[in-house]
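# Coordinate analysis (summary)
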Amino acid sequence: MEEGARSCLLQSRSSLEQDIRASYLMDHMISDGVLTGDEEDRIRSKPTRREQAAALLELLLRKDNQAYISFYNALVRESYGDLASLLHNSLPLVSPEAEKSFSDGGTRYVQAVLSEGGVPQRPVVFVSRPALMNRVREKLYRLQKEPGWVTVFGMAGSGKSVLAAEAVRDHALITECFPGGVHWLSIGQLDRSDLLVRIQSLCFRLEQQSQEKDPSSSLHRPPGSLEEAKERLRFLMLRRYPRSLLILDDIWDSSVLKAFDIQCRVLLTTRDRSLAECVSGPKSEVAVESGLEEGQALEILALYVNRKPQRLPEQARSIVRECKGSPLVVSLIGALLREFPDRWAYYLHTLQQKKFKRIRKSSSYDYDALDQAMAASIQVLSKEHRELYIDLTVLEKDVKVPAKVLSVLWDLEPEEVEDVLQDFVNKSLLFRDCHHRPYLYYLHDLQLDFLAEMNRSGLESLHTKVVRQYQQRYSQGPPTSGDEECLYWFRFLTYHMAKANLTQELYSLMFSLDWVRTKAQIMGPAHLINDYLEYSTILDKEVRGHFQEFLSLNGHQLEQRPFPDVVQLALSQPDSSEVYRQALLQAQERATRGGLYLDWVNKSSLKSLSRLVVQPHQGSIYSACFSHDGTKIASCGSSKTLRVFKSTSGEKLLEIQAHDDEVLCCAFSPDDRLLATCSSDRKVKVWNVERGTLMRMFEDEHEEQVNHCQFTNTRRRLLLATCSNDKFMNTKLWNINKPSSQNTMFGHLEPVNHCCFSPDDAYLSTSSSDGTLKLWEVSSANEWKSIDVADMFSEQREQTEVMVKCSTWSAGGRTIICAARNAVFLWDIETSKKMADCSGHLSWVHGVQFSPDGSLLLSCSDDQTVRVWETNKVHTSSAVCLKRDSDVLFNNGDITVVAADNRNRLQVRNGRTGAVMFQSENQESRICCTAICSQTSAMPSGTSLATLQGHTRAVLHCQFTPEGHTLITSSEDTTIRVWRWRTGECVVLEGHKEQVRCFSLLTTTPSSETHLLSWSFDGTIKVWDMSSGERLQDLVCHQGAVLACDVSPDGQLFATTSADKTAKLWNVKDGTLLKICSRDNKDAMDSLHGGWVTDLHFSPDNTVLLSTGGYIKWWNVEKGEALQTFYPTGANLKRIHVSPDFSTFVTIDNIGILYILKKVE
């Protein structure tokens, strides 16, 4: 043991003997391997606690430095902090070999835990700092009983990341405090999309490890938003990995840190000491000194050259002073000296004489020392290796690359590249992540900064070299292996092209549907969308908008597995889109080779509602509002900014960094001179619009995030209303000239998301997460009316809660619009009845507002769009939508659609133009099904020809026979009726035990003209003779309800699907079962429809089977493989109608959109 440590033990001996309990401490020391079982027994044999303590100290004085450090750590763990402080200043350093075995925890268990969690291994050049490491461990032990935060902060290059990794390399710490494991995540400077990708990766890794330990657990699809990712991570850390430690390395931004505020145990490294103030829970911190003391630095140099500090040459002290004790620089120089131990004078001379230019004088980095150490390190490289090292200038910060990427860049064999990289690693010019196979390599930020400055004039040519080498290696197409090299090129090829100023190559790449398809399949849509945002100033604005809109609106489909056909998705884009143009050309070419593609021929009819769509922010838009003169729109969102732009063109007028957190709402004052904003930071601010300056701030009364703010509409008495997530006092009224609120409204027990004054300021509407819209009297703060909006989602209410997000009044104050989920509803105040609704947003709607004259309606959403709607069209086109119960007549190229609308009227429409050919009056009872006779020749007049009575419950399906004289109906009353509808004669087919959902005519042969096949919720299929009512066949097909059935055109086969999650293929003649598809096999997993399969159709040649559910799918009957999938805007398709030649398909989704799909030829 070192003399200083021995002396400290002797001086503190009496205090230690008096207070310590040796039995507690020995457990830790045995775990560290510094105490044997026999030694423990001898100490325990002593009769008193004090004698045991004295015996332990006597034994300790005969041991080495490891024993001293183990004893110190034991004191820390057993909460003898005051006694540990007596020993702290004399903690010894140990040799690299001894330190390795000791700090590694001495067990394979520690290595396995850290490896699984992605904790970096020690760098080749390792700086031992036990005192600092023990301070970190002391803080980590505080997390043993409850979640919290430990912040390790210091300047770049001070060794924070290595320190964090070393602190957890301890067996006792892991077993006692973090038995759930240690999980490492490198962060760096990220935007929201990159942060989402990092959290997705962490969640996938945790789920994969969980599945390995528990095969019954399943992998989930990647979370699609930061909010979803945060909840997924919360679940994993609290449920599957309780009492585990999450290490966040190199945090820069508080908004990033908030994504991990999930009540778990977190160790973070950062340069900003104040970052942890933005999160909840107990916090502690450890400061990492920017420079080592001279004695420490000399000890480290001595370890590298295997000498005692006293035997180092005089140049050693000069080197330490010259580099200011920087751990990184001492490490670099020490590594060089280990290879060339006689070059002390040379390296000192190099540091003193080389006059390197500062990288950035304002930087907090120790650039003087770094520049000199870096230059000295690069000087020892051979000329060939020096040129290769300069090529690394093109790498991005915080990015690890495999050797195969550099093999492409350098045009060398991978083995040669690895030899070169090993040389760089040995000289501390490069770092290696050994947890991945193959290894990944990366540069320290300081090294990258140094290289970038040194090669500033040649950066463009270096990036050009990367692109040209890639193009040469992958001239036949991009790599698709999905390995680390493949991921690198897909993530950073566009970055290298932009830095190389290769504009034309960038255009060709990013405006290629092939590139979009391949990158989306390998990396998901988030990176693609980010590319279009990142390079928006370079790319053509219009075409960029086409691709960006396509990805934004179809991102959820591109997350599907199996991966969807991007060409088919793109065929749903507007005809004027470059995306559609490329898709149509590819579809036509593939159709010549037997491919199946569908063109949505009537999609243009859906363009007319939105008049202006702008994307003012990166990220979700939480609020948008008109100015009172209608010329301006203000918007805000997750970007923390407030933006004002022209309502006619979207041109930016003002942009303010408004809050420290997400800005949830903005509102103009009546004279448009002020703008109010509120935020997740619990603050409400009032701004001068013209100058963009802060006028007033309220920050004391709301205890949770403030969701919305709204000024009164008139100037006579200016008030500001706010609402929040507070439990009871969640709606407040403010006079902006007074420091405290004027009134509080009570009634909602869940968060209030929105508030809005009526035009005369007499009432205030509030929208809440409890599913209600409440109206209040402003003067008394009493509740006036309450509307239960959640009833509009009765089908979904049982599954998830319905939150009312926002509301707005019409100019006359007689109607009010509110938004819930992605739908917008218009209500009549006096009757409390819904008047209309509109759809168009693909995600949650956060804000709605009428323009001053009521002609326009503004809405904003999580889909990152602000939409301006024409109010009169919202009242008509979007308010009246078709229901899914429909029938279609195909006649010589014409398409006639008959269906009920949501006002319970019967409509007949031209399928190609959408024109309404006939519309009935409102019917008293609900129209459940429709049928059109193929013999119809005249335009419907609305005259009732017959009323057929007999069914006792709702009729579910009706169909005319081909000649038009017979009508067949099926019902919830379990019967089927065959009517001669002109005379009223009826044959009743009885036998089903539950409702008969549908039926099909068997008309393939003359003998079967009067035969009918029916299916029911009782799980059976029956074949009937319609003339006599005789039951010819009775098959029990499924354990659950039969949902869909179809007979092949040749009459030989029929297929069924069921609520029991199976599909079956049958022989019509004898009723034998030919094939079963269930969710347990590959075919069925590929066939998931996003819901129950509700309709089936065979092609005329029996080779293709069409099925509908949440999606529409076409199948190869022989192989059982999916040929194509069409994803509608809505969901829950009920029926699909097919033309006789199997080239045109017609259906209606659950939000009333009509689809006319035609095969591309």
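Cut-offs applied
- Residues numbered from 1 in each chain as written.
- Predicted model: local features only at pLDDT ≥ 70, side-chain atom pairs only at ≥ 80, totals over all residues.
- Heavy atoms only, no water.
- UniProt positions renumbered as here; feature names shortened; annotations may be inferred.
- Helix = DSSP H or I, 4+ residues; strand = E, 2+ residues; numbered from the N terminus.
- Buried < 20%, exposed > 50% of the residue type's maximum accessible area, 1.4 Å probe, protein only.
- Contact = heavy atoms within 4.5 Å.
- Areas by Shrake-Rupley, 256 points an atom, 1.4 Å probe, with all protein chains shown as cover.
- Pairing = 2+ DSSP bridges.
- Patch = residues over 30% accessible without salt bridge, like charges linked within 9 Å, V, L, I, M, F, W, Y side chains within 5 Å.
- Salt bridge = Lys/Arg side-chain N within 4 Å of Asp/Glu carboxyl O.
- Axes fitted to C-alpha atoms, helices over the stretch in contact; angles between N-to-C directions.
- Polar contact = N/O pair within 3.5 Å; in protein donor to acceptor, adjacent residues only side chain to side chain.
- Core = buried A, V, L, I, M, F, W, Y, C linked by side-chain atoms within 4.5 Å.
- Parallel < 35°, antiparallel > 145°, perpendicular 65-115°, else oblique.
- Left-handed = near helix turned anticlockwise from the far one by under 90°.
- Nonpolar A, V, L, I, M, F, W, Y, C, P; charged D, E, K, R; others polar.
- Phe/Tyr/Trp six-rings, centres within 6.5 Å; stacked < 30°, edge-to-face > 60°.
- Arc of directions from axis to C-beta.
- Lys, Arg positive; Asp, Glu negative; His and termini not counted.
- Charge placed at Lys NZ, Arg CZ, Asp CG, Glu CD.
- Expected span 1.5 Å × (residues − 1).
- Bend = angle between axes of the 7 residues up to and from the residue.

Looking at an unreviewed UniProt entry, one finds the chain named Apoptotic protease-activating factor 1, with Oncorhynchus mykiss as its source organism. Taken verbatim from the UniProt record of the chain, the Subcellular location (unreviewed entry) comment is "Cytoplasm".

## As for the overall build of the chain
Check the secondary structure of the chain and you find 35 helices and 56 strands. By the burial criterion, 56% of the 1161 residues in the chain qualify as buried. Contacts in the chain between residues at least 24 apart in sequence constitute 54% of all its contacts with a sequence separation of at least 6. Accessible surface, the chain: about 50400 Å² in total, of which carbon and sulfur atoms supply 46%.

## As for the pairing of strand β19 (residues 706-711)
In terms of burial, β19 is largely enclosed, as six of its six residues are buried. The pairing of β19 with strand β20 (residues 720-724) spans five bridges and is antiparallel. Of the residues in β20, the one forming a bridge with H708 is C723.

## Some remarks on a nonpolar patch on the surface
Residues F728, M729, F746 and L749 make up a contiguous nonpolar surface patch of about 440 Å² in total accessible area. As for its placement among the helices and strands, F746 is situated in the loop between β22 (741-745) and β23 (752-757).

## Considerations on the sheet that holds strand β15 (residues 663-668)
Pairing is antiparallel across the open sheet formed by four strands, whose spatial order is β15-β16-β17-β18. Whereas interior strands pair on both sides, the edge strands pair on one side only; in this sheet they are β15 and β18 (693-698). Here the average twist between neighbouring strands, direction ignored, is 20°. Pairing of strand β16 (residues 674-679) with strand β17 (residues 684-688), which is carried by five bridges, proceeds in the antiparallel orientation. Paired with L675 across the bridge in β17 is W687.

## Describing unusual backbone geometry
In the Ramachandran plot, R243 falls in the positive-phi region, its phi being about 55° despite a non-glycine side chain. Within the secondary structure, R243 is located in the loop between α14 (226-240) and β3 (245-251). Taking relative accessible area as the criterion, R243 reaches 34% and is therefore assigned partly exposed. In this structure, D761 takes a positive phi of about 65° despite not being glycine.

## Here's the deal with the sheet that holds strand β43 (residues 1011-1016)
Here four strands make up an open sheet; going across it, the order is β42-β43-β44-β45 and the pairing antiparallel. Edge positions in the sheet fall to β42 (996-1002) and β45 (1031-1036), since each of these pairs with one other strand and no more. Looking at each pair of strands side by side, their axes are set apart by 15° on average, direction ignored. Here strand β44 (residues 1020-1025) pairs with β45 via five bridges, running antiparallel.

## Let's talk about the side chain of H951
Looking at the secondary structure, you find H951 in the loop between β37 (916-919) and β38 (955-960). Within the structure, the side chain of H951 is placed 2.7 Å from the side chain of T969, a separation counted as a polar contact.

## Observations concerning the pairing of strand β46 (residues 1042-1047)
Successive residues of a regular strand alternate their side chains across the two faces of the sheet. Burial of β46 is extensive: six of the six residues sit out of reach of the surface. Where β46 and strand β47 (residues 1053-1058) come together, five bridges link them in antiparallel fashion. Each residue of the ladder has a partner; that of V1042, found in β47, is S1058. The antiparallel hairpin formed by β46 and β47 contains five residues in its connecting segment, where G1051 sits at a positive phi of about 75°.

## Topic: the nonpolar core
Soluble globular proteins: nonpolar side chains tend toward being buried together. Counting residues in each nonpolar core, the largest one holds 75 residues, and the members touching the most others are Y389, L392, W410, L421, F424, Y532 and F550. Ranked by residues supplied to this core, first place goes to helix α26 (residues 484-499) with eight residues. Y532 has contacts with M510, F511, V516, L539, R544, F547, Q548 and L551, leaving out every residue within four places of it along the chain.

## Considerations on the packing of helix α16 (residues 294-305) against helix α17 (residues 315-322)
How two helices pack is summed up by the angle between their axes together with the distance between the axes. Their axes nearest at 10 Å, the elements α16 and α17 cross at an angle of 120°. Between α16 and α17, the interaxial angle falls into the category oblique. Along this stretch, α16 crosses α17, giving a crossing that reads as right-handed. Contact residues: E294, A297, L298 and L301 in α16; A316, R317, V320 and R321 in α17. A class-by-class count of the residues in the contact of α16 with α17 yields five nonpolar, no polar and three charged.

## Observations concerning the packing of aromatic side chains
Overall, the coordinates contain 21 aromatic pairs when judged by the stated rule. A centroid spacing of 5.6 Å and a plane angle of 20° characterise the contact between F431 and Y442, whose relative ring orientation is stacked. Here Y442 lies in strand β8 (residues 440-442) and F431 lies in strand β7 (residues 431-433), a separation of 11 residues in the sequence. For Y442, a relative accessible area of 22% gives the class partly exposed. Ring geometry for Y488 against F492: centres 5.0 Å apart, planes inclined by 40°, an arrangement best described as tilted. With Y488 and F492 both in helix α26, this residue pair falls four residues apart, about one helical turn. An aromatic cluster is defined as three or more aromatic residues linked by ring pairs; in this entry it consists of Y470, Y474, Y488, W489, F492 and Y495.

## Some points on the pattern of salt bridges
Opposite charge on two side chains permits pairing when their charged atoms draw close. Considering all chains together, one arrives at 33 salt bridges under this definition. Between R926 and D885 there is a salt bridge; the shortest N-O distance is 3.8 Å. With R926 in the loop between β37 and β38 and D885 in strand β34 (residues 882-891), the pair connects residues that are 41 residues apart, well separated along the chain. The class for D885 is buried, based on a relative accessible area of 10%. The structure contains a network of salt bridges with shared partners spanning R13, E17 and E58.

## Comments concerning helix α1 (residues 3-11)
Those residues of α1 that fall on the buried side of the exposure criterion are A5, C8 and L9. Around the axis of α1, the buried residues are gathered within 100° of arc, so they sit on the same side. More than 90 degrees from the buried face of α1, the exposed residues found are E3 and Q11.

## What to know about the side chain of S1107
Within the fold, S1107 resides in strand β51 (residues 1104-1108). For S1107, a relative accessible area of 3% puts it in the buried group.

## Some points on the packing of helix α10 (residues 130-141) against helix α11 (residues 160-167)
Between α10 and α11, whose axes approach to 9 Å, the crossing angle comes to 60°. With respect to their mutual orientation, α10 and α11 come out oblique. The hand of the α10/α11 crossing is right-handed. From α10, L132, M133, V136, R137 and L140 reach across to α11, where they touch L163, E166 and A167. Of the residues contributing to the contact of α10 with α11, the split by class is six nonpolar, no polar and two charged.

## Notes on a negative patch on the surface
A grouping of E384, E387, D411, E413, E415, E416, E418 and D419 is seen on the molecular surface, where their side chains present a negatively charged patch. Taken together, the elements giving at least two residues each to the negative patch come down to α21 (383-391) and α23 (414-426). By the secondary structure assignment, E415 is in helix α23.

## So, α26
Counted at 1.5 Å a residue, the expected span for α26 with its 16 residues is 22 Å, and the 22 Å between its end C-alpha atoms agrees. In the structure, α26 departs most strongly from a straight axis at F492, where the bend amounts to approximately 45°. The set of residues buried in α26 consists of E485, C486, Y488, W489, F490, F492, L493, T494, Y495, H496 and M497. On its buried side, α26 packs onto β6 (401-402), α22 (403-410), α25 (459-473), α27 (503-510), α28 (513-523) and α29 (525-534). Residue N501 follows α26 closely and has a positive phi angle near 60°.

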